[in-house]
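# Inside the fold
The residues making up each chain are set out below.
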Amino acid sequence: MKRWSPFVLLALIVALVPGAAMAQKHEQELDRFAFGIGIGLVDLSDSVLDNSTETYVAASFRIMLGDKDKKRDHQSVVAYVEPEISYWEADNRIPVGTSTVGVSQSDLMVGLNIIGVVPFNKVDYFLGAGLSIHSFDSGTDLSGVDLGEDETFGVNIQTGLDVHITDNFDVFGLLRLDLVEDVQEEQAKIVLGLRFNFG
C-alpha cells in the first residue's frame, strides 16, 4: 500500500473549518468531560515491517481545564488534558529458503495530551500535542529468537474535527503523527470514532 501523507489529510480537514465557522452561536454550556473510542489505520512505513498499514484502536478521556461554565461560541479556545491508551499489532511472513518465518510487532501506548478545542454550533475543530510511553513487543527475528519487549518515549501532534450528532454524542475524525524514540521513527495515523460528552 502506498504511503499517505498526514499533511495532505490535514489540509483536507482545515478546508472544512470555514464552513463550521459560519454556524450560529448559541448559549449551550460545554461539557466538562468526554470519553472517546476510535478505530483507524497506522502507517508503519518506517518500521521493520516496511510498507505495512495496520488497524489501530484507541480510547481517550478529556478533562476541561479552567472555567467549567464556558459557553459554546466561536470566540474562544477551550483547553483539555487528555489521558489516552492505544494498541496496534502487525504480523508478516518473510520467505527464507523454501519456507517462511513469522515476524510480529505490536505497540501498546499510554499517553497524555493537551488539546485545544475551538467550539462551534455543529462542529468543533481541535489540535493538540502530547507525550507517551510505547511498549513494543517485537516477536521473533529470522533466527527464531524472541526479541522481547522494549519501552520507549514518544511525542505526537494531532488535529481533527468533532461533528455533533446530539448534545452529548459526537462523531470525530483524527489525523495524528507520532514520533517515537529509537524503535519506531514515525507512525502516521488516521482514526474515526465516537465521543460521549458529560459533566
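We now turn to the structure provided with this report. (Residues numbered from 1 in each chain as written. Predicted model: local features only at pLDDT ≥ 70, side-chain atom pairs only at ≥ 80, totals over all residues. Heavy atoms only, no water.)

### Quick word on the pairing of strand β7 (residues 169-180)
Of all 12 residues in β7, nine are buried; the element is thus mostly enclosed. The antiparallel pairing of strand β6 (residues 149-166) with β7 creates a hairpin that spans two residues between the two strands. Where β7 lies against strand β8 (residues 187-198), 10 bridges are found, and the strand directions are antiparallel. What sits directly across from F169, in β8, is F196. (Buried < 20%, exposed > 50% of the residue type's maximum accessible area, 1.4 Å probe, protein only. Helix = DSSP H or I, 4+ residues; strand = E, 2+ residues; numbered from the N terminus. Pairing = 2+ DSSP bridges.)

### Re the environment of Q187
Considering the arrangement of structural elements, one finds Q187 in strand β8. Taking the relative accessible area as the measure of exposure, Q187 reaches 0% and is therefore buried. Separated by 11 residues in the primary sequence, Q187 and R176 have C-alpha atoms spaced 8.2 Å apart. Every residue in contact with Q187, bar those within four places of it in the chain, is listed here: V42, D43, L44, W88, D107, H134, F136, R176, L177, D178 and V180. In terms of polar contacts, Q187 uses its side chain to reach the side chain of D107, at 3.2 Å. (Contact = heavy atoms within 4.5 Å. Polar contact = N/O pair within 3.5 Å; in protein donor to acceptor, adjacent residues only side chain to side chain.)

### Thoughts on the nonpolar core
Judged by nonpolar contacts, the single largest core of 18 residues is most densely connected at Y56, Y80 and W88. For this core, the secondary-structure elements that each account for two or more residues are β2 (53-64), β3 (78-96), β4 (99-118), β5 (123-137) and β7. The element contributing the most residues to this core is β3, with four residues. (Core = buried A, V, L, I, M, F, W, Y, C linked by side-chain atoms within 4.5 Å.)

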